[in-house]
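What follows is each chain in one-letter form.
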Amino acid sequence: MPVKPLEQAKSRLAAFAGAHRPRLALAFALDTAAAALAAPGVARLLAVTRDAEAGALLAALGAVVVADEPGTGLNAALAHGAALAAGLALHGPVATLSADLPALRPDELARVLSAARPLGRAFLADAPGLGTTLLACPPGGALRPAFGPGSRVRHAAGGARELLLDRVPSVRRDVDTGADLQEALALGVGPHTAAASAALV
């Protein structure tokens, strides 16, 4: 799970959240991590970040925090984290998950991961259907992340199988805008996001 430095994270929320934006970004990451760690089938969670505050709080939740190397962007960080994760679990699959899924439900994540396993390299599109919230690869496979705007098309073009699942809205609902946050709140967010969102009122 990649976590940007908080002062840079969720820039599209600036107009909506103002000075609360870094707190919201941190809250999203903490609620995402807590739900992922509680999901059946998740052996461990690696958080790739160079933000000291986020790293310390994620570690306190039980995440394994690793440095953002080589520090050249999201996909490089994810490839680095995937390689480390594969080293820790030589016979297990690896998946990357967006850090802005504050409504994430452990059972829904477990369902997505279970569906991905027999497909090999597979991905789940975000709620708008343009991006990607989860990308998985089989044991010994290469993750080959291609995140960023339009990543759904790139992951499909790169040979990843799309997971066409219903009833997993919490795994699709990433938050980039105020409208996204309202949708996440309607699904039911974790305690950190609930508290941070209450401060916006």
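Above this text you will find the structure in question.
Note that the structure is a prediction, hence the values are computed from the model and not measured.

**Let's talk about the packing of helix α2 (residues 21-37) against helix α3 (residues 52-61)**
Move 1: α3 packs onto α2 with a crossing angle of 25° between their chain directions and a minimal axis gap of 10 Å. With respect to each other, α2 and α3 are oriented roughly parallel. The way α2 lies across α3 gives a crossing that is right-handed. Counted together, R23, L26, A29, L30, A33, A34 and L37 of α2 and E53, A54, L57, L58 and L61 of α3 form the full contact between these two elements.
Move 2: Classifying every residue of the contact of α2 with α3 by side-chain character gives 10 nonpolar, no polar and 2 charged.

**Regarding empty space enclosed by the protein**
Move 1: Summed over all chains, the structure comprises 1 cavity of 30 Å³ or more.
Move 2: Volume-wise, the largest cavity comes out at about 40 Å³.
Move 3: A86, G92, V94, P139 and G140 are the residues nearest the centre of the largest cavity, which is lined by 10 residues in total.
Move 4: Here the residues of the lining of the largest cavity are counted per class, giving 7 nonpolar, 3 polar and no charged.

**Concerning helix α8 (residues 178-187)**
Move 1: Taken as a whole, α8 has its buried residues at G178, D180, L181 and A184. All buried residues of α8 project into a common sector of 150° when viewed along the axis, lining one side.
Move 2: Against the buried residues of α8 lie α1 (14-17), α2 and α9 (191-198).
Move 3: A positive phi of about 110° marks G188, the residue just after α8.

**Digging into unusual backbone geometry**
Move 1: Following E69, the chain continues into P70 via a peptide bond in cis, with omega recorded as 0°.
Move 2: On the secondary structure map, P70 appears in the loop between β3 (64-66) and α4 (74-88).
Move 3: Non-glycine residue R167 carries a positive phi angle of around 60°.
Move 4: Within the secondary structure layout, R167 lies in the loop between β7 (161-162) and α7 (169-172).
Move 5: What makes R167 exposed here is its relative accessible area of 61%.

Cut-offs and rules
- Position numbers for residues count from 1 along each chain, tracking the sequence in the order it is written.
- The model is predicted, so local features are restricted to residues of pLDDT at least 70 and side-chain atom pairs to those at 80 or more, both for listing and for counting; the totals for chains, interfaces and linings are taken over all residues.
- To obtain the side-chain values, all non-hydrogen atoms of the structure were used and water was disregarded.
- In this analysis an axis means a line fitted to C-alpha atoms, helices contributing only their contacting stretch, and an angle means the value between N-to-C directions, from 0 to 180 degrees.
- Numbering goes from the N terminus for both helices and strands, where a helix is a DSSP run of H or I of at least four residues and a strand is a run of E of at least two.
- Orientation categories follow fixed angle ranges, with anything under 35 degrees roughly parallel, anything over 145 roughly antiparallel, 65 to 115 roughly perpendicular, and all other angles oblique.
- Crossing handedness is read from the near helix: turned anticlockwise from the far helix by less than a right angle, it gives a left-handed crossing, and turned clockwise, a right-handed one.
- By definition in these notes, contact holds between two residues if any of their heavy atoms fall within 4.5 Å.
- Each residue is assigned to one of three groups, with Ala, Val, Leu, Ile, Met, Phe, Trp, Tyr, Cys and Pro labelled nonpolar, Asp, Glu, Lys and Arg labelled charged, and all others, Gly among them, labelled polar.
- Any residue with an atom within 4 Å of a point lines the site, the site being either a cavity, points on a 1 Å grid over the protein atoms alone where a 1.4 Å probe fits but cannot get out, or a pocket, an open set with protein on both sides within 12 Å along at least 5 of 7 lines.
- Grid points are joined across faces, edges and corners, and a volume is the space filled by probe spheres set on the points.
- Buried, partly exposed and exposed residues are distinguished by accessible area as a fraction of the type maximum, computed with a 1.4 Å probe on protein chains only: under 20%, between the cut-offs, and over 50%, respectively.
- To obtain the arc, one takes the directions from the helix axis to the C-beta atoms.

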